[in-house]
Each structure stands twice: as structure tokens, then as C-alpha cells.
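# Observations on the model geometry
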2 protein chains.
Amino acid sequence: MTTLWDRSRQVAVQEIVDTAVRLFAEQGYEHTTIAQIAREAGISQRSLFRYFGTKEDLVCGDQAALGELLKRTVQQQPAEVSVWDALRAGFEVILTANHTPERVLELSRLIFNTPSLHARYIEKRLCWQAELVPIVQARLGSGPESTPDPRAKAIVATVFACVDAATELWADHDGFLDLADLYDQCLAAVRGHS
Amino acid sequence: MTTLWDRSRQVAVQEIVDTAVRLFAEQGYEHTTIAQIAREAGISQRSLFRYFGTKEDLVCGDQAALGELLKRTVQQQPAEVSVWDALRAGFEVILTANHTPERVLELSRLIFNTPSLHARYIEKRLCWQAELVPIVQARLGSGPESTPDPRAKAIVATVFACVDAATELWADHDGFLDLADLYDQCLAAVRGHS
DNA sequence: GCGCAGTTGGCATTAACTGTCAGAAAAGCA
DNA sequence: TGCTTTTCTGACAGTTAATGCCAACTGCGC
């Protein structure tokens, strides 16, 4: 059951994120201080750090939930679907699930243009990868015996690399291109059979 | 010409790095302060920050030079070599060029086990990627007209993803496996023709 | 020896966090 | 409604990484 606290907290979180992203877009991430965000959002600095453990989490914060969704989607793909298609299905769900395209574009630009944010973003994605590897491993079936099997790790890492490449290109072109299409082109370039 | 300053500076840098890495290994990265490193290395905090712009650079510092080497190596591969082989050649040079395997193993573990270091490491690698993309683009020849060509970006990102997967696996097994071999297995899992 | 260029160390300052603790606000209960 | 307990908030002080500034120092050519 959702208490009053939970609800007002969610509203507060959204409001703070909006304030922060607006300020980041206006003056740049590095030149916006936590103190300023807290002031404009009408909250104490201390509370802000209680909501978001770090400044970076103001932008990359809700990735944990998305990771869960991705994992569940991939896991629930029927067994006859190939790993590549299963992973692709997972990303399609994520892309449509979360925000409006404009919002995604805004956040993508912010992340890609801010080194420290980009690094943090990839770090979180690495956590997704680690969680997906065993699932992919299971789908691949048993590989070489006695020596560790790098296939799952490699496939997952590659898919993420292509998603990243496609997203960056998409953001560079202001969202005028089709993201799923770009992803398919990336994967085709890597795997050959275009 | 190398002056006395340059030489003593290089010695100092090496000494500081050794001190820092030793302390990081002993007490963990986060629990080692700049003040302590400076004290043990017999240098002022201020100077330490002049040698290494950030705490992370104590570990990931010489990546800039490695990136240059990688770029040059890939660029100098003969034209008949495929992009995949050219990139592979670049990484082989890097792996053998720098440190002893033990040192690489120690640094790899430190980086993979420390989130903030991992993030910085990835950030630097992203710079390498950005520099390699035009080179790979040139090797691929002109692709689709009028629409941006995602191939180079995708290929470079994939190669890095496989290097990363292989390196992590290699570090997990204390360096007992062959890194180049792991890389080939990763790429084979992705590209099919094993 | 003498000045010059580059280097170093100390000091002050900023900004991201963290620990603590008293007090406010909500929840649960009579 | 009133009271207790739980949970959250804000203020304050403190830590750590990082930067700017300036004065003192060091090697080097003259």
C-alpha cells in the first residue's frame, strides 16, 4: 500500500529532477552546484543528498528500475527466440517504456556531452550487463567444457556497445532518425549479414 | 633534449605511482587519502596534484599515451588488412608495450573493483574510441549516401567491448588464461565464424 | 655571483559528500 | 481527539578532492 509519504516523495523527486535537469541544460552540469539546485527546489542540501546519493544520480538515477525491466523482458522471451532477438526485444521495451522522446533526447545529450555523466551512465549499464550474462548464458546452452565461456559476456557487451553507438548517433541528429533502425544497422555492420 | 628536470621528474612520477598503488592495494582506493600518499611519497599535496590532475590519474594516468600508440598502430596497418585485424593489431601492441603482466593484473583488479576508477577508465577509453572512428571510417570506404554511417562507430565500440570482456575474464582468472585467445573467442561468439 | 624560467610548497577556498542530532511531521493506537 | 512511536527533515560541523594564488626555491645561462 502506498502511504502519503511515498506519494509526496515521488512528487518531490520528480520536481527536484526537473529543476536539476533544467539548470544543467541552462548552465552546464559542472557549473551547477548542489546548493543552487537545493535552493531552487526549496529543499535543504542534506535532504537532496538523501534522495539522490550523488549529483550524477540526479540524471542517471532511475536506471536501476530500467535494468530490472530489461532483465525481466529478456528472461520472458520464448525459448525459440535467439539471444540476439531476445536482447533486442528487451531494449525495445525500455525505449518505449520510460519517457517521451523529447525527454530522452534531452537527457541523452546531457549525458553524452558531460564526460563524468557519460562514465557514470556506462558504469550503471555495466551492472545491467552483469545481470544479463547468466540469463544469456543459459539461453546459449552449455559451451566449451572446463574452460570459462566468454560467449555470453561478449554478446551482451556487444549489444550494449551497439545500443550506445546508435543512441549517440540518434542524439547527434536530434532524434530525426529511427533509433531501432540505427541499432539494426550497427548490428549488421558488426555481424556481417546486412 | 632531456634536461635534468625531465629525468628527475620521471623518476618522481614513477615513485609516486608506486607508493599510491601500493597503498591502494593495502587499504583500498577510497580509504587512501591524497594527504597520505603525498606524505609517504615525500611531496606536498599541491605538487601531487600538479603531477596528476586527479586521484584517479594515479592509476589511469598513462592511458593518454597508450591511446596515441593505439591510434598510430591502427593507422599504419597496410590497406589490405581488414578493419577487424587492424584493430586487433593495435590492441596487441598495447598489451605487450606497457607493463609486466603482473603489473597489468594488479592495475586491472584495482580498476575493476573500484567503481570510480572503473568509470574514469571507461571515460578515457571513450576518448580512444572517438579518435579511432574516423580512421576506421576511412578504411571502410564510403558507405550509404546521405544518411549517416553508423558502421565505424559500431565496429569500434564492439571491439572495445570484446577487449573489455576478455580483460575482465582474464583478471578474474588471475592471468592464467591467454588474453589474446580470450579476445578471439569473444569476437568469434559475436561474429559467428568461429 | 645574478637574474630568469620553471617548480614547489603553504594557505585559503570551493564543492561534493557524510555523520550527528534535535525537532517536525506522519502513522498507529486508544 | 490526544498520545506514542516511527520516519523524515534541516541545520551544523567535518572530511576529502581539487583549484587559485603567491612567495620561496632550484637549475641554468650569462
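Our subject is the structure listed above.
Residues numbered from 1 in each chain as written. Chains lettered and ligands numbered in written order. Predicted model: local features only at pLDDT ≥ 70, side-chain atom pairs only at ≥ 80, totals over all residues. Heavy atoms only, no water.

## Some words on the packing of helix α6 (residues 83-97) of chain A against helix α10 (residues 179-191) of chain A
Residues and elements named next belong to chain A. Basically, it comes down to this: All axes here are fitted lines through C-alpha atoms, helices being fitted over the stretch that makes contact, and every angle between N-to-C directions spans 0 to 180 degrees. Each helix corresponds to a stretch of at least 4 residues labelled H or I by DSSP, and each strand to a stretch of at least 2 residues labelled E; elements are numbered beginning at the N terminus. Oblique is the label for every angle not falling under 35 degrees (roughly parallel), over 145 degrees (roughly antiparallel), or within 65 to 115 degrees (roughly perpendicular). The hand of a helix crossing depends on one turn: near helix anticlockwise from the far one by less than a right angle means left-handed, and clockwise means right-handed. In what follows, residue pairs with any heavy atoms lying within 4.5 Å of each other are defined as contacts. Gly counts as polar in this scheme, as do all residues outside two lists: the nonpolar Ala, Val, Leu, Ile, Met, Phe, Trp, Tyr, Cys and Pro, and the charged Asp, Glu, Lys and Arg.
Close contact between α6 and α10 brings their axes to 11 Å; oriented N to C, the two are set at 155 degrees. Between α6 and α10, the interaxial angle falls into the category roughly antiparallel. Between α6 and α10 the crossing geometry is right-handed. In contact with W84, R88, E92 and L95 of α6, α10 contributes L179, A180, Y183, D184, L187 and R191. Of the residues belonging to the contact of α6 with α10, the class tally is six nonpolar, no polar and four charged.

## Things to note about helix α5 (residues 63-75) of chain B
Residues and elements named next belong to chain B. The cut-off we apply is this: Expected helix span is taken as 1.5 Å per residue step, with the number of steps being one fewer than the number of residues. Working definition: with a 1.4 Å probe on protein chains only, accessible area under 20% of the residue-type maximum means buried, over 50% means exposed, and in between means partly exposed. Arc definition: directions from the helix axis to the C-beta atoms.
For α5, with 13 residues, the first-to-last C-alpha span of 18 Å sits near the 18 Å given by 1.5 Å per residue. Taken as a whole, α5 has its buried residues at Q63, L66, G67, L70, T73 and V74. Down the axis of α5, the sector holding all buried residues measures 130 degrees, keeping them to one side. Exposed side chains of α5 directed beyond 90 degrees from the buried face belong to A64 and A65. On the buried face of α5, the contacting elements are α4 (57-60), α6 (83-97), α8 (115-140) and α9 (151-172).

## Here's the deal with the protein's contact with DNA strand D
As a reminder of what qualifies: Neighbouring residues are identified by heavy atoms, a residue being near a molecule or strand if any of them is within 4 Å of it. Think of a polar contact as two N or O atoms within 3.5 Å of one another; within protein, one of them needs to be a possible hydrogen donor and the other a possible acceptor, and neighboring residues in sequence only count if both atoms come from side chains.
Lining the immediate surroundings of DNA strand D are 17 residues, of which S47(A), R50(A), Y51(A), R46(B) and K55(B) lie closest. Within 4 Å of the protein, atoms of DNA strand D come from sugar and phosphate in 55% of cases. Within the contact set of DNA strand D, a phosphate oxygen lies 3.2 Å away from a side-chain nitrogen or oxygen of S44(A). Between DNA strand D and the protein, one listed contact pairs a phosphate oxygen with a backbone N or O atom of K55(B) at 2.6 Å. Of all the secondary-structure elements, those providing two or more residues to the surface near DNA strand D are α3 (45-51) of chain A together with α1 (4-27) and α3 (45-51) of chain B. Take the surface near DNA strand D: its biggest share by element is four residues, from α3(A). Grouping the amino acids of the surface near DNA strand D by side-chain chemistry returns seven nonpolar, six polar and four charged.

## Quick word on the interface of chain A and chain B
The accessible area lost on association of the parts is a frequent measure of interface size. So the rule is basically this: Note on terms: buried area is the combined drop in 1.4 Å-probe accessible area of two parts once they are placed together, counting the loss on both. Salt bridges are defined as contacts in which a side-chain nitrogen from Lys or Arg sits within 4 Å of a carboxyl oxygen from Asp or Glu.
The interface of chain A with chain B comprises 28 residues on the first partner and 27 residues on the second. Its largest share of buried area at the contact with chain B, chain A owes to P150(A), K153(A) and V190(A), together 21% of the area lost on that side. Across the contact surface, chain A and chain B share two salt bridges. The partner of K153(B) in a salt bridge is E168(A), and the shortest N-O contact between them spans 3.6 Å. For the interface between chain A and chain B, the tally reads two residue pairs in polar contact (both at pLDDT 80 or more). Secondary-structure elements contributing two or more residues to the side of chain A that touches chain B are α8 (115-140), α9 (151-172) and α10 of chain A. The element that contributes the greatest number of residues to the side of chain A that touches chain B is α9(A), accounting for eleven residues. Taken together, the residues of the side of chain A that touches chain B break down into 18 nonpolar, five polar and five charged.

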